[in-house]
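# Coordinates in review
Chain residues, written in single-letter form:
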Amino acid sequence: MELPDFMQYSNKFTKDGFLDKISKVAKRAGAKLVYEALILFYTLQSDKVSVKDKAIIIGALGYLISPLDVVPDAIPIVGLSDDLSVLVYVLQKVWGDVSDDVKQRAHEKLSKWFDEDEIAEIDNLFANS
């Protein structure tokens with residue numbers, strides 16, 4: 001799957017827009033996508049992340065929020081696959097800047113929406129992505 005030019009979506013990102021979208025799609029998207037999105041969201045708030053990395057995070061989260069993307073989110077099963085691909089791509093690029101505190105914050109937020117069995121799928125974050 002070829003990644004779209006997600007940087008064109010950077011103007012779609014807002015904190016409130018992100019939190020609204022992620023809470024609406026959480027169960028349908030699955031714990032892995034939500035965890036990746038939360039890690040990027042919390043990493044964006046870190047002062048230890050470069051401006052360049054923040055820009056690509058904003059692009060990826062804007063892509064997630066946008067209702068207009070390569071595969072419309074409303075399409076069952078595959079609708080969020082392009083969003084997941086973009087999140088994984090960006091997360092792999094910035095993984096070295098992701099602190100344990102960010103991972104913990106994301107996990108705590110995740111536990112509000114998912115049970116432990118569902119959260120278990122994040123144990124091997126980059127497996128099968």
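Criteria and cut-off values
Residues numbered from 1 in each chain as written. Predicted model: local features only at pLDDT ≥ 70, side-chain atom pairs only at ≥ 80, totals over all residues. Heavy atoms only, no water. Helix = DSSP H or I, 4+ residues; strand = E, 2+ residues; numbered from the N terminus. Buried < 20%, exposed > 50% of the residue type's maximum accessible area, 1.4 Å probe, protein only. Areas by Shrake-Rupley, 256 points an atom, 1.4 Å probe, with all protein chains shown as cover. Core = buried A, V, L, I, M, F, W, Y, C linked by side-chain atoms within 4.5 Å. Contact = heavy atoms within 4.5 Å. Axes fitted to C-alpha atoms, helices over the stretch in contact; angles between N-to-C directions. Parallel < 35°, antiparallel > 145°, perpendicular 65-115°, else oblique. Left-handed = near helix turned anticlockwise from the far one by under 90°. Nonpolar A, V, L, I, M, F, W, Y, C, P; charged D, E, K, R; others polar. Salt bridge = Lys/Arg side-chain N within 4 Å of Asp/Glu carboxyl O. pLDDT = per-residue confidence, 0-100. Phe/Tyr/Trp six-rings, centres within 6.5 Å; stacked < 30°, edge-to-face > 60°.

### Section: the overall build of the protein chain
Scanning the protein chain from N- to C-terminus turns up 6 helices and 0 strands. Listing each helix as α and each strand as β along the protein chain from the N terminus yields α-α-α-α-α-α. Counting only residues that meet the buried cut, the protein chain has 45% of its 129 residues in that class. When the accessible surface of the protein chain is summed, it comes to about 7000 Å², and 51% of that surface belongs to carbon and sulfur atoms.

### A word on the nonpolar core
Among the nonpolar cores identified, the biggest contains 37 residues, and F18, L40, L61, L87 and L110 are the most heavily contacted of them. Counting only elements with at least two residues in this core, the list comes to α1 (15-29), α2 (31-44), α3 (51-65), α4 (81-94) and α5 (100-110). Broken down by element, the residue count for this core peaks at 11 residues, all from α2. Leave out the neighbours within four places in its chain, and L61 touches F13, F18, A37, L40, F41, L44 and L87.

### Examining the packing of α1 against α3
Running from N to C, α1 and α3 cross one another at 50°; their axes reach a closest spacing of 9 Å. Relative to α3, the element α1 is oriented oblique. Taken as a pair, α1 and α3 cross one another with a handedness that is left-handed. Residues G17, F18, K21 and I22 of α1 form the contact with α3, whose own contacting residues are L61, L64 and I65. Per-class residue counts for the contact of α1 with α3 are 5 nonpolar, 1 polar and 1 charged.

### Focus on the pattern of salt bridges
Between side chains of opposite charge, a pair can form when the charged atoms approach closely. In total, this model carries 1 salt bridge according to the counting rule given. Between K103 and D100 there is a salt bridge, with the nearest N and O atoms lying 3.9 Å from each other. Highlighted residues: K103 and D100, both in helix α5, separated by 3 residues, approximately one helical turn. For D100, a relative accessible area of 62% gives the class exposed.

### Some details on the environment of A31
Here A31 lies in helix α2. For A31, a relative accessible area of 1% gives the class buried. Along the chain, A31 and I122 lie 91 residues apart, while their C-alpha atoms are 6.9 Å from each other.

### Overview of the confidence of the model for the protein chain
Put simply, the protein chain has an average pLDDT of 83, and 84% of its residues get 70 or more. Averaged pLDDT values for the elements of the protein chain fall to 80 in α1 and rise to 93 in α2.

### Section: the packing of aromatic side chains
Evaluation of the coordinates by the stated rule reveals 2 aromatic pairs. For the pair F18 and F41, a centre-to-centre distance of 4.5 Å together with 15° between the ring planes defines the contact as stacked. On the criterion of sequence distance, the pair formed by F18 in helix α1 and F41 in helix α2 is long-range, its members being 23 residues apart. For the residue pair F18 and F41, the accessibility class agrees, reading buried in each case.

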